[in-house]
Amino acid sequence: MSGELSGATALVTGATAGIGRAVALRLGTLGAEVVVHGRDARRGADVVREVSVAGDGATARFVAADLAEADDVRRLAAEAGDVDILVNNAGVYRFADTAGTSSEMFDVHMAINARAPLLLVGRLAPGMAARGHGAIVNLSTIAAGAPARNAGAYGASKAALELLTRVWADEFGGRGVRVNAVRSGPVRTPGTSEMGEEALRTVSRATVLDRPAVPEEIAEAVLFLVSSRASYITGAILEARGGQLALG
Ligand SMILES: NC(=O)c1ccc[n+]([C@@H]2O[C@H](COP(=O)([O-])OP(=O)(O)OC[C@H]3O[C@@H](n4cnc5c(N)ncnc54)[C@H](OP(=O)(O)O)[C@@H]3O)[C@@H](O)[C@H]2O)c1
């Protein structure tokens, strides 16, 4: 097949739902071989099937791993093999004030949102660098750049990921690997639907566009950053947040 990304292999973490699923489908449409990661094997199989029909001749396979477990993250990297594109999308977001944030809750945010991407980049980016090309995109949030109520642990874990994005851009950029992040605003996904419609509407009122995104809108930002159209962009935090309201 002759898609823009044909011949490329992409690992998308958390591709069994929401933004990750939308990214996997777009990558498939463009001809990439997609490694669909998640924990839920049934939804994984569904996405593999959807990717296969999304692109003419696109191929996909599912790898299950719990990103809260470092050994499982390392196994995921080994099973993914050589990849040209890595999208660190899987993430958790739970909300509590500071007194209500347990050490377990803090640790799980750091483990899944920051440590897992670190371990994956540590295992996959050297291969990209040795082959002289690669693109990595990390999914972040507006809560990484400004205080968001009850989102201290979540925002801190994604702020760590944004800083790591710039570290990795520096570390691997000289050998052809670009590393960027998408700082997303509210998106209607299975994860946010658990928060309830009213909570999503409240967060969305803080956007200029006055609505949540659909996953495909964030996937477009990710696809731009992995594409050759972004060939001079690395270490960037691209905001896809529906705009920031003015003060006053
Ligand atoms: N939705 C938003 O409003 C929003 C806004 C800003 C940033 N983001 C970021 O965008 C990313 C995707 O968000 P989303 O709303 O699309 O997520 P979602 O609907 O909650 O889906 C989460 C995905 O991550 C996977 N996942 C969660 N915990 C995991 C774990 N321990 N091990 C392995 N996989 C795990 C899930 O896989 P299984 O279900 O198969 O386990 C699923 O595929 C996250 O990093 C999030 O922080 C989202």
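The structure we're discussing is the one just above.
Procedures and definitions
Residues numbered from 1 in each chain as written. Predicted model: local features only at pLDDT ≥ 70, side-chain atom pairs only at ≥ 80, totals over all residues. Heavy atoms only, no water. Near = heavy atom within 4 Å. Polar contact = N/O pair within 3.5 Å; in protein donor to acceptor, adjacent residues only side chain to side chain. Areas by Shrake-Rupley, 256 points an atom, 1.4 Å probe, with all protein chains shown as cover. Helix = DSSP H or I, 4+ residues; strand = E, 2+ residues; numbered from the N terminus. Nonpolar A, V, L, I, M, F, W, Y, C, P; charged D, E, K, R; others polar. Pairing = 2+ DSSP bridges. Axes fitted to C-alpha atoms, helices over the stretch in contact; angles between N-to-C directions. Contact = heavy atoms within 4.5 Å. Patch = residues over 30% accessible without salt bridge, like charges linked within 9 Å, V, L, I, M, F, W, Y side chains within 5 Å. Salt bridge = Lys/Arg side-chain N within 4 Å of Asp/Glu carboxyl O. Left-handed = near helix turned anticlockwise from the far one by under 90°.

Chemist: When you look at the site of the ligand in this model, what are you seeing that I'm missing?
Modeler: Around the ligand, a shell composed of 34 residues is seen, among which Arg39, Asn89, Tyr93, Tyr154 and Thr189 lie nearest. Ile19 places a main-chain nitrogen or oxygen 2.9 Å from an oxygen atom of the ligand. For the ligand, whose free accessible area comes to 890 Å², the fraction covered by protein is 93%. Contributions of two or more residues to the shell around the ligand are made by α1 (18-29), β2 (33-38), β5 (134-141), α5 (152-173) and α6 (190-193). Here the residues of the shell around the ligand are counted per class, giving 15 nonpolar, 14 polar and five charged.

Chemist: Any chance you could explain the sheet that holds strand β7 (residues 237-240) here in plain terms?
Modeler: Strand pairing within a sheet occurs via backbone hydrogen bonds; the two strands may be parallel or antiparallel. Taken in spatial order, the seven strands make up an open sheet running β3-β2-β1-β4-β5-β6-β7, and their pairing is parallel. Both outer strands of the open sheet, β3 (60-64) and β7, are each paired with one neighbouring strand and no more. Taking the axes of each pair of neighbouring strands and ignoring which way they run, one obtains an average angle of 20 degrees across the sheet. With three bridges joining them, strand β1 (residues 9-12) and strand β4 (residues 85-88) adopt parallel strand pairing. Of the residues in β4, the one forming a bridge with Ala10 is Ile85. The sheet contacts of helix α3 (residues 70-80) involve β1, β2 and β3, and relative to β3 the element is tilted by about 160 degrees. Against the sheet, α5 touches β5, β6 (177-184) and β7, its axis set at about 160 degrees to β5.

Chemist: For this particular structure, what's the right way to read a nonpolar patch on the surface?
Modeler: Together, Val208, Leu209 and Leu245 make up an exposed nonpolar region whose accessible area comes to about 280 Å². Structurally, Leu209 is set in the loop between α7 (197-204) and α8 (215-226).

Chemist: Any chance you could explain the packing of α3 against helix α4 (residues 103-131) here in plain terms?
Modeler: Any two packed helices are characterised by the angle at which their axes cross and by the distance between the axes. Orientation of α3 relative to α4, taken along the N-to-C sense of each, is 35 degrees, at an axis distance of 9 Å. In this structure, α3 meets α4 at a crossing whose hand is right-handed. Only Arg115, Ala116, Leu119, Leu120, Arg123 and Leu124 of α4 make contact with α3, whose side of the interface consists of Ala70, Val73, Arg74, Leu76 and Ala77. Grouping the constituent residues of the contact of α3 with α4 by class yields eight nonpolar, no polar and three charged.

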